[in-house]
Amino acid sequence: MRLSTSWMYQQSLTTMLDQQGSLAATQNQVSSGQRINLASDDPSGAAQVVSLNHILASTAQYSSNINDANARLSTESNTLSSFNSLLDQARSMAVQGINGSLSASDRQDMATQLTQIRAQLVQLANTTDASGDALFAGTSTTSTPFTLNSDGSVSYAGNSDNQMTTIGNGLRIPNSDAGAGLFMNIPAGNGSFVASAAAGNTGTLLVGATSVTDSNAWKAATASGPANYAISFDAAGNWTATDASHGNAVVASGSYQDGGSISFNGMTIALSGTPAAGDSVSVNSGKTQDVFGTLTNMINALNGSGGDTQLNNTMSRQIESLDRAQGQLSSTQTDVGGRLNRLTQQQSNYSNLTLTYQTTLSGVQDTDMASAISKLMLQSTALQASQQTFAKVQGMSLFDYLK
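Predicted model, so just to flag it, every value in this text is computed and none were measured.

Undergrad: Could you give an account of the packing of aromatic side chains, naming the residues involved and the relevant values?
TA: Under the counting rule described, the total for this entry stands at twelve aromatic pairs. Note on phenylalanine 193 and tryptophan 218: the rings are 5.4 Å apart at their centroids and 45° apart in plane angle, and the pair reads as tilted. Separated by 25 residues along the polypeptide, phenylalanine 193 in strand β5 (residues 193-197) and tryptophan 218 in helix α5 (residues 215-221) bring together distant segments of the chain. Since its relative accessible area comes to 1%, phenylalanine 193 is described here as buried. Three or more aromatic residues link up through ring pairs in this structure, and these residues are Phe83, Phe136, Phe146, Tyr156, Phe183 and Phe292.

The following block contains the structure:
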């Protein structure tokens, strides 16, 4: 085998270049703090690093979503608390209107206060989050879902769908509640039916508490459709209930006693006062009433020319509606609290998982500094030795031995 000078130079150069490459790689590991900077450094480990980084990125996004949902739900909870406090004030005024004889000035003052409360309720219903998105518009993009009209009615421009936040793989949670179900479509009356004294009554008949006392009989009576009864009184105090949905057929009758009640088809209606001949009470089910309309009814009754009997009947019915609205708010607040607890628990889980994944990633990717520095020193020493050896070989010549 022929060993030429050029071959010796090439071999030495290749060895030193390889050593320089290894030294550079080790220096990169030490300076970056990462053992794997290229996939070729450790193909299996690099794949694991990619997987762990993907998991950490997903976890970070879920955590960010949780923070956003937490902020929206916390804002909603505070808003509903303020909303409920205003309804408490409205209810107190309704009770005051029933229990006492109000002067014209008292009625006007109360109507003014209720008008202000209604405006505040509309403002609260239009609450937005930190991004300016309406909380109670559902999935609609409108920034003002509720509009107070000139006639005192309130229009809703949102929809009935709740906005959702993804907080995990296949796990979604509502981050707010649509105003359609929360404020607008509230079952009227006691939740099953509403019994209202006719506006044209001339007696002193007052409709009191109402309830379903026999659920089976009530279900049977409304199986073919919502209740639509009319209870009329004659001069002797006798009452007759007819069904307007079935040709005004008589469904029940009896004799009224002041302070007593009327019961038929599974429902009971407490009554007091003295009805005049021709006075009537309507009974309807399946209807809804928005919470703003409840206050508008109270305001109109206070501004109207009706007597105490008519005002008392109106206020009694609106108290029922306020109770339903507050029950809806209470149920929603409880649900919001449950969602906030779930978010807190999920965030805690992600914090623990993130720590675990980061520890695992560090074990796969990070440089073992003690080992790397030792390796760096050995490689540096080896490179220097190769360079010194090459320098000596380079200076050797056959003529040195022919002297």
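From this point, the discussion proceeds with the structure in view.
Undergrad: Would you mind going over the environment of asparagine 169 in detail, with residue names and values included?
TA: Among the secondary structure elements, asparagine 169 is positioned in the loop between β3 (164-168) and β4 (171-174). Separated by 111 residues in the primary sequence, asparagine 169 and serine 58 place their C-alpha atoms 9.2 Å from one another.

Undergrad: Give a detailed account of helix α3 (residues 104-125), specifying residues and quantitative values.
TA: Helix length check: α3 (22 residues) gives 31 Å between terminal C-alpha atoms against 32 Å at 1.5 Å per residue, within 8%. Among the residues of α3, Arg107, Met110, Ala111, Leu114, Ile117, Arg118, Leu121, Val122, Leu124 and Ala125 are the ones counted as buried. End-on view of α3: buried residues confined to an arc of 150°, all on one side of the axis.

Undergrad: Now, about the sheet that holds strand β10 (residues 261-264): what can you tell me, with residues and values included?
TA: The strand order across the open sheet formed by three strands is β6-β11-β10, and the pairing between neighbours is antiparallel. What marks the edges here is a single partner per strand, and that holds for β6 (206-212) and β10. For this sheet, the mean inter-axis angle between neighbouring strands, taken without regard to orientation, is 20°.

Undergrad: Any details on the pattern of salt bridges? Residues and values, ideally.
TA: All told, the structure shown has six salt bridges when counted by the stated rule. Note that glutamate 320 and arginine 317 form a salt bridge whose closest N and O atoms lie 3.2 Å from each other. On the criterion of helical spacing, the pair formed by glutamate 320 and arginine 317 is a turn pair, its members being three residues apart in helix α7 (residues 308-365). With respect to burial, glutamate 320 and arginine 317 carry one shared label: buried. Through salt bridges with shared partners, a single ionic network connects Asp177, Asp335 and Arg339.

Undergrad: I'd like a description of the sheet that holds strand β9 (residues 249-255), backed by residues and values.
TA: Judged by pairing direction, the sheet is antiparallel, and its five strands sit side by side in the order β5-β12-β7-β8-β9 without closing on themselves. Every other strand in the sheet has two partners, leaving β5 and β9 as the edge strands with one partner each. In this sheet, neighbouring strand axes are inclined to one another by 20° on average, regardless of whether the strands run parallel or antiparallel. As paired elements, strand β7 (residues 228-233) and strand β12 (residues 280-285) share five bridges and run antiparallel to each other. Each residue of the ladder has a partner; that of asparagine 228, found in β12, is asparagine 284.

Conventions we followed
Residues numbered from 1 in each chain as written. Predicted model: local features only at pLDDT ≥ 70, side-chain atom pairs only at ≥ 80, totals over all residues. Heavy atoms only, no water. Phe/Tyr/Trp six-rings, centres within 6.5 Å; stacked < 30°, edge-to-face > 60°. Helix = DSSP H or I, 4+ residues; strand = E, 2+ residues; numbered from the N terminus. Buried < 20%, exposed > 50% of the residue type's maximum accessible area, 1.4 Å probe, protein only. Expected span 1.5 Å × (residues − 1). Arc of directions from axis to C-beta. Pairing = 2+ DSSP bridges. Axes fitted to C-alpha atoms, helices over the stretch in contact; angles between N-to-C directions. Salt bridge = Lys/Arg side-chain N within 4 Å of Asp/Glu carboxyl O.

Honestly, that's just the spatial picture; any functional story needs more than this.
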